[in-house]
Amino acid sequence: MKDEVNEPQNQGLPAGFERGTDGPKVIVAGVDGSDTSWRAAAYAAGLARRQRALLAVVYVQPLLTGGAALGAPVAETTEEVAEELLAEIRDAAERLRGEPGVRWEFHTFRGDPYQGLVQAADDLKADAVVVGASERAGHRIVGSVAVRLVKAGRWPVTVVP
């Protein structure tokens, strides 16, 4: 009996699905200053280097945290704190320039972190999204940004612990 080799076919895939590449060409890494987001950015940088992909580091500045809406200290949501965090993220992103072979861009948005990452991934035609696992206990009830991205089912999502 002769073995047959079946050639892969694009049956059932939407038109324009295949972009003619063997790996991701644009990887979005969401950062928010947490330890898990820094690990996610480092993982994404390594992946981007190996795949020769563009790394888009994205920070979404929340307008109002849930804790502030419930009467928790509002100081966490002030412009001063947000600007300090943004400066820290920019400094860390600048250190990527020292990584040989990593092409990267830094993008920042204001608003809901989930919506900002979705907008960035859509605008940049991302092939993958990398985020850190949530460190907040309340996200087990409401759902973390990472879980919401996975449920959206629009890109492969890697959640780094």
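Being a predicted model, the structure only gives us computed values, none of them experimental.

> I'd like a rundown of helix α4 (residues 113–123), residues and numbers included.
Taken residue by residue, α4 has Y114, G116, L117, V118, A120 and A121 as its buried positions. Packing partners of the buried residues in α4 comprise β1 (26–31), β2 (54–61), β3 (103–110), β4 (128–132) and α6 (145–152). Two residues or fewer past α4, K125 is found with a positive phi of approximately 55°.

> Which residues make up the nonpolar core, and what values do they have?
Of all hydrophobic cores here, the largest spans 19 residues; its most connected members are I27, V31, A44, A48, L55 and V130. Mapped by element, the contributors of at least two residues to this core are β1, α1 (35–51), β2 and β4. For this core, the element with the most residues is α1, which contributes six residues. With sequence-adjacent residues up to four places away left out, V130 is seen in contact with I27, V28, A29, G30, A40, Y43, A44, T158 and V160. Among the nonpolar cores identified, the runner-up in size contains 18 residues, and V60, Y114, A120 and W155 belong to it.

> Kindly report on the environment of P156, identifying the contributing residues and their values.
You can see P156 is positioned in the loop between α6 and β5 (157–160). Judged by its relative accessible area of 54%, P156 falls in the exposed class. Residues in contact with P156, not counting those within four places in the same chain, are D127, A128 and V129.

> Please provide a residue-by-residue account of unusual backbone geometry, values included.
Positioned with a positive phi, R52 is a non-glycine residue whose angle comes to about 60°. Here R52 shows up in the loop between α1 and β2. When its relative accessible area of 67% is taken as the criterion, R52 is described as exposed. Here K125, not a glycine, exhibits a phi torsion of approximately 55°, which is positive. One can find K125 in the loop between α4 and β4.

Calculation criteria
Residues numbered from 1 in each chain as written. Predicted model: local features only at pLDDT ≥ 70, side-chain atom pairs only at ≥ 80, totals over all residues. Heavy atoms only, no water. Buried < 20%, exposed > 50% of the residue type's maximum accessible area, 1.4 Å probe, protein only. Helix = DSSP H or I, 4+ residues; strand = E, 2+ residues; numbered from the N terminus. Contact = heavy atoms within 4.5 Å. Core = buried A, V, L, I, M, F, W, Y, C linked by side-chain atoms within 4.5 Å.

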